[in-house]
Structures are given as C-alpha cells and as structure tokens.
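Read off the chains here:
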Amino acid sequence: MHNCNLEVATSGIEFTEFLELIASKSKLETSRTTNQNLILATPEDAHGLQADLIILAGCDVDSWSMKAPKTPWIDSEARIKLGLHNTDLPIRRGRHHLRHLLNAAKTVVIFDTTADEGCGPSAPLAEWLGDLRLEGTITKYSEIPPFIAETEYLQKYPNRAWHLVSRQSGEEMWLTPRPYSMVIDSGIARGQRSGNRGRDSKQRLGLAIVGGWDEQGTPAHLGTIAVAHEEKIQADRFARQPIFSNLEDGETIAWKDRKVMLSSDAILLRPTKNLVKTGGRTEAEWPTLGFKTGRSKTPAIDPRPLPPAEIKKSDINQYIGAKTTKIEVEKWSASRLQAWIKCPREAWMKSHLRAGVEEAQSEDLDNRIRGTIIHDCEGAILESHGVEIGGPAMSKSISLAKGPVATQAKAWEAVLGYLSENVPWLARSDAVAVHRTRDLLGISTSTWNQYLDGSISLPLSGRLGRLVAADLALEDVAPIACEWFCKAKDSDSVIIDASDDSSKKKLFKLAGRIDRVDEVILPPHLRTKAIQSGLLCDGKEDMKPLSLDFDKPCGPAKRWIIIRDLKSLEGPKPGEAGDRHRRAIFDEIQLGVYARAWEILNPGDRVVGVGVSEVGEDTIHYVDIDSDLRDYLVELSIGEIFENCQIHHRNLGEGDSPKSSAFRAWMSERIRTSARAVTAAETGMVNPTPSDKNCKYCLVKSSCPVASIVGGDD
Ligand code: SF4
C-alpha cells in the first residue's frame, strides 16, 4: 500500500471504498469454462473429443432441446415445399452426438432425470434408456463411479451427499443426489443439509444454530449467531407491544411504553381529518401515545426514534442495534433527521454504510421534475415581486397583490417567461412533453409552440395557473423569502436550541432551505391592538430569539411569520385534500425545525403559522396557526387555516390545565423529537423500527431480518 501511495483505511467506509478501488482497477483472466483438464461443452461442441471421464449433465428436455429451429419469414407450408421442414433432424443429430459421447470415454456418468416429472431426459437420451430397459441390460449401468467414496453414499454416514434409490422393482439401486433430507432426531423431524463440502457444513451449522440442536463446527463470525436470532427476539417484542385493541375505552398507551415498542404502526402518527379532532392536551398524563375512544384512537405524541431492546449483559445488543459505533453528523438536514426518526437502522445502513440497493427511477423521476418546475415557477413569481431566491429576507413587507406582480396576469407572465427560458423540452412533441404541458399549463404542445412563436397569448390555466391564483389570494401576507438558507452569518448551519425528554438542553446543527416565508400583514386596527396587548412591537431595538419555554412569556415580536413548504402531489383523491399538510404537522419534523431556525436567525420574529402548500389539481395554502393569536389571524387571507396543535400539545412538565401556547409547544415537541434522533445517532443506536409502509419500500430490507415481522419483505 505504501508503494502505491495509499493511506491505510481507518473506517469501514474507507475500507469498502478501498476494496472497490482495487476491484475496479483489477483485471483477471476468466478461466471458468475451460482449463487443461476440464472442458465444459454442449453435446454438439464435444463431438469428436475423447476424455478419461465424461459427465452427461443437463441433458433434459429443456436444456438439450430437440425443437427444429424456426426459419424467419417462412411458414410451415413454404418450408415443406422447399424441403426445409425436417422436424426430426435435431433428434437424429442428437442420437449421433449421444452415441459418440457414450463411447468417447472409459467412464461415462449420466444424470438421468426420468424421475423428474417436469423435466425428463431429452429425446435421444430417453430413447437410449428406454431401449436398455427393454433389453433388460440397464442394471449394468448402475455401477457407482470409482471416484465417489463410500462415505458419500452409504447409509451409515448421516451427512452423505448421495443415497442409493431403487426406481423400478427388479432394477438395481441407483446413485441419487441427496442435497437435503429429513431426519428424526429424538422423535422430532427436522431438515438436514447433506454433503461434506465446506458450504454444506456451514449451512448445517447455521440450521442447527437456528433450530437449537447439536452440530459440530465453528460459525464464520460470532455475530452471525446473534443476527440469526434477531428476528425471533424482535418478533417476540412485536407480539408483546401494547395495542389499542387490548385497551378499554378511554385507556391510554403511556409514554413510558415506547420503551417496549418495536414498531410505531400500533399508534396513530398520521391522523385523518376525523381522528385529529380528539387530543390529549388536557389529559392527566402528557405526553401520551394516544387513548382509545370507542373503536378508534387518538393521535400519539411522536415517540420516535423508538429505543432499542437491551438484553442485560449480552453481546447480542450490538448486533440488534442497541450499541454500535457512535455516528457523528456535523450538521443535520430535515430529511436526514426524518430518516433517523422513521427507522434508525435504515438511515444508518443507507446513508452511513451506503448499503442500500439502487433506487429504481421511473415515474418518480418524472414527479421530481414536476416538483422542481413548480418550485421554480413559485420562485419566478416571488422573484418578480422582489424576493431574492436563496438570498436574505426582504425588509419591506408588501403583499403580492400590492407589489410589482399585482395581478394574476403579471404573475402568469413571470411563470410563462420562466418556462420558455428554462424548460425547452416542453416544446417537444414526445409523450412526456405532451403530458407535462397538459398537466402544468392545461394546453397542448402545439398551443405552447404557438405561444412561443408569439402568435397567441395564454390565459391562466393548468396546475400552474391555479398556483398563481392561490398565491394572489394570499392578501394578508407579504412574501419575504424564498429558498431561504437556514444558516447563521459566517456559518453553513444554525444551532437549534432543543431540549431532550428530561428538559436538558440538547443542541444540534441544522442546515436546509425553507421554500417560502411570509410575514403576516395585520390591518391597522388589529396591529394597534396587538401592540397594545404586548404581542407586537415596533422592533427597532436589538432583540433575542423569542423563548420557547412555557414559563417565560414569549414577549412582543417584531414580525409574525408563516413558514411554508410547497408540495406537488397527484390529485389529491376526493376526501384527501389536506392530508399532506396534516402529515407534515404530526409525522414530520421539517416545519417545526424550520420554524425554530427562523426564530433563532431572525431575533424578534415569532412564527405564528406553518403549513404545506399542496399543489395538486388545485393549489391550497394550508396553514396551522398559533391559536393564542386566533383572534388576530382567523379572519385574514393567509391560506386555509387549521388549529391542529391546539388540542394535542402542551409543554413538558405542565399539568392538565396548560397555559402554554399549544403551537409553540408543538414546535418544542418537533425539535425535541429531532434531538432524540441526534442522540440516537450519537450513541450508536441503530435499531430497526419496522413498519408496514416503510419496510415495503426500504432499500436495505434484504439485509434486515426484521422486515418480515410486519410483512414488509414482499
Ligand atoms: S426493513 Fe424495515 S425495519 Fe428493516 S431497516 Fe428497513 S425500514 Fe427499518
């Protein structure tokens, strides 16, 4: 290595990369099919050769086909006319080749598949065997080849790879392969791997370890024994974890029960619009994992990442994900945090070990392109308004309707201008362009080409047209940032001031980009009222980031802010509008961590709403607001308003008559959940969290024995 100027690998990943490098630079001659002493050939290719030993294997009807080859473009009638219809020619040739092979060596071993109903011997071999049977001379061919030792077939050797079987009465015993057999051991039937090769004994040992019977040998690695038992251990935990069907009406799954949970499938993390209406903010115990109400359940406060099973004083812990190598992540992104929350094992294997299979790209790619176009078109509208894409937030707060893009027509112009300059492939006539033009603009590609020629103008239509209309309808907000980087000055990230489950500070670095940030513009009478109530101030002085602690008043804010995330989606199907937004509130951490990042990086700003803008058949800007400010916000045109957090969240340590802002408690909870994921990585907890939905699409499921527990290994 020194001579090659290579460093010694100090980590697993470096070592893997090193091996990949060696493999990519090495060229080895392949000698798999021929060498001096062995020729692997078809009967036709072996014609004329002589050998000491010939083994006729794979001479069954499928592998040694006697079908006449088809002559392209000539039908049977023409073939007969031209004398090309020789259906028996391959058989005649086959007989000839077989005769030669039977006489070309002193010892000929034939694998006879007559006993295999689905795949008998090919016609020449079947004929020859049939003739021998008729003549009554077949038994002389049952001799055991001299190179097969007695230990390989006599009954007294339990691991024998062959056994002697009689096919027809009166016939000799025939040597027959015995790859696997059933044995009775202490009155119990069990499978037995036969054979004396290295891999046979390893497989026999593996079966014995799993089945719990005695076998001699040494496993390849002690960890393999532990891994072999993981599924059983985890399945046992899964069977014991609390579930709602075992509870009485009104009973709760307590927060402490997260310690015995393997999967989060049992609790409700993505409530429907009906189930979200009941929450546990005023329950005696908080947080809870939900309580039973009649035949349904209430949403849980997110307990993930779930802690691993810890088996006392056992080395097995490091193999089932409880104590592995500590993982240092310099800065976290929202998606990486989410991956660790969802399943630490998948996140670890995929992002740190890079052990996932390649992601199949097809429709997904198309959807990603659509998503990028929609984000960019939103960017084009906001840029025309004066917002710098990826730049600092605007200090002037003007709604779209009162700015340079005051009308739908002007915003539409910005969108069309962006598309004509940056998406040239829309003008093509292939299927993708036809579909996308119809979907995004509601027109055909020929109409789009006419627009590009300047021969027509285009009215507002399609998915993007509805996005423009929805943007202009947000009359009481001023867009102030787009694709805004969450990073402090002279840094590439921001430090999030999270607390852990025991309310101890747990800081972590976050980097990411917020799709869109709006400032709420209050009508003058409400603004005056908010200032008089100490909720807003003129904000000339330097301020600190507003507090998230419920026992310290939040204090007056300079600005009220809404954080938005644009999501392009199919449909949505009837009744599913708003589901994506609700998922972002209860199941995902992105909006919560971005909200806090904004407050930290813009001292004095108070985030009063967060939401997903669902850009589907229609565009709806959903926004979950801080209910403490509902009197100010609820009548404003800031999007479709929800107050999902109000009945679910309170701060840690509060009693059943909470005073905290439920919205700010939700924000604390989201960053606390993120901090839990950071701690899991730092302490090397890479336990699996199987879930019906996740495991099915998991890129490392083939290496995870736990997927089968929830049926995710299909
Ligand atoms: S298969 Fe399931 S449990 Fe295993 S790593 Fe993937 S998501 Fe996690």
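Everything numeric here is computed off the predicted structure, so don't read it as measured data.

Conventions we followed
Residues numbered from 1 in each chain as written. Predicted model: local features only at pLDDT ≥ 70, side-chain atom pairs only at ≥ 80, totals over all residues. Heavy atoms only, no water. Helix = DSSP H or I, 4+ residues; strand = E, 2+ residues; numbered from the N terminus. Contact = heavy atoms within 4.5 Å. Phe/Tyr/Trp six-rings, centres within 6.5 Å; stacked < 30°, edge-to-face > 60°. Buried < 20%, exposed > 50% of the residue type's maximum accessible area, 1.4 Å probe, protein only. Lys NZ or Arg CZ within 6 Å of the ring centre and 35° of its normal. Pairing = 2+ DSSP bridges. Domains from an automatic or database assignment. Expected span 1.5 Å × (residues − 1). Salt bridge = Lys/Arg side-chain N within 4 Å of Asp/Glu carboxyl O. Core = buried A, V, L, I, M, F, W, Y, C linked by side-chain atoms within 4.5 Å.

**Some remarks on the environment of alanine 557**
- Take alanine 557: it is sitting in the loop between α14 (524–532) and β14 (559–568).
- Apart from residues no more than four positions distant in its own chain, alanine 557 is found in contact with Leu535, Leu536, Cys537, Leu546, Gly604 and Arg606.

**Details of the packing of aromatic side chains**
- Counted according to the given criterion, the structure contains 8 aromatic pairs.
- Aromatic pair tryptophan 332 and tryptophan 340: ring centres 6.3 Å apart, planes at 80°, arrangement edge-to-face. The pair tryptophan 332 / tryptophan 340 is uniform in exposure class, with both members buried.
- Ring plane angle 80° and centroid distance 5.5 Å describe the contact between tryptophan 560 and tyrosine 632, whose orientation is recorded as edge-to-face. Of the two residues, tryptophan 560 is situated in strand β14 and tyrosine 632 in helix α17 (residues 630–633); the sequence distance between them amounts to 72 residues. Taken as a pair, tryptophan 560 and tyrosine 632 share a single burial class, namely buried.
- Here lysine 529 stacks its cationic end above the ring of tyrosine 632, 5.1 Å away from the centre of that ring.

**A closer look at the pairing of strand β10 (residues 477–485)**
- Summarising burial for β10: 8 of the 9 residues are buried, a large majority.
- In the sheet, β10 pairs with strand β13 (residues 513–520) via 7 bridges, with the strands oriented antiparallel. Bridge pairing in β13 links alanine 481 to valine 517.

**A closer look at the sheet that holds strand β8 (residues 288–293)**
- Here 3 strands make up an open sheet; going across it, the order is β7-β8-β9 and the pairing antiparallel. Unpaired on one side and paired on the other, β7 (252–254) and β9 (296–297) mark the two borders of the sheet.
- Both β8 and β9 contribute to a ladder of 2 bridges, which runs antiparallel. Within β9, the position partnered with lysine 292 by the bridge is lysine 297.

**A short note on the domain arrangement of the protein**
- Taken domain by domain, the protein holds domain 1 (51–143), domain 2 (181–236), domain 3 (361–390 + 400–473) and domain 4 (480–491 + 514–673).
- Using only C-alpha atoms to locate each centre, domain 1 and domain 3 end up separated by 67 Å.

**Focus on helix α16 (residues 590–601)**
- Helix length check: α16 (12 residues) gives 16 Å between terminal C-alpha atoms against 16 Å at 1.5 Å per residue, within 8%.
- Counting buried residues in α16 gives 10 out of 12 residues, a clear majority hidden from the surface.

**Observations concerning the pattern of salt bridges**
- Scanning the entire structure with this criterion turns up 40 salt bridges.
- When the shortest N-O distance is used, the salt bridge between aspartate 185 and arginine 190 registers 3.1 Å.
- Overall, the relative accessible area of 30% leaves aspartate 185 in the partly exposed class.
- Through salt bridges with shared partners, one network takes in Arg270, Asp302, Arg304, Asp587, Glu669 and Arg670.

**Section: the nonpolar core**
- One finds Leu419, Leu441, Leu464, Ile563 and Trp598 to be the most contacted residues of the largest nonpolar core, which totals 77 residues.
- Examining the composition of this core, we find that 8 residues originate from one element, helix α18 (residues 662–682), more than from any other.
- Excluding residues within four positions of it along the chain, tryptophan 598 makes contact with Ala393, Ile480, Ala481, Trp484, Ile514, Val517, Arg559, Ile561, Ile563, Asp605 and Val607.
- The next biggest cluster of nonpolar side chains, apart from the first, holds 21 residues, and it includes Leu474, Leu536, Leu629 and Ile638.

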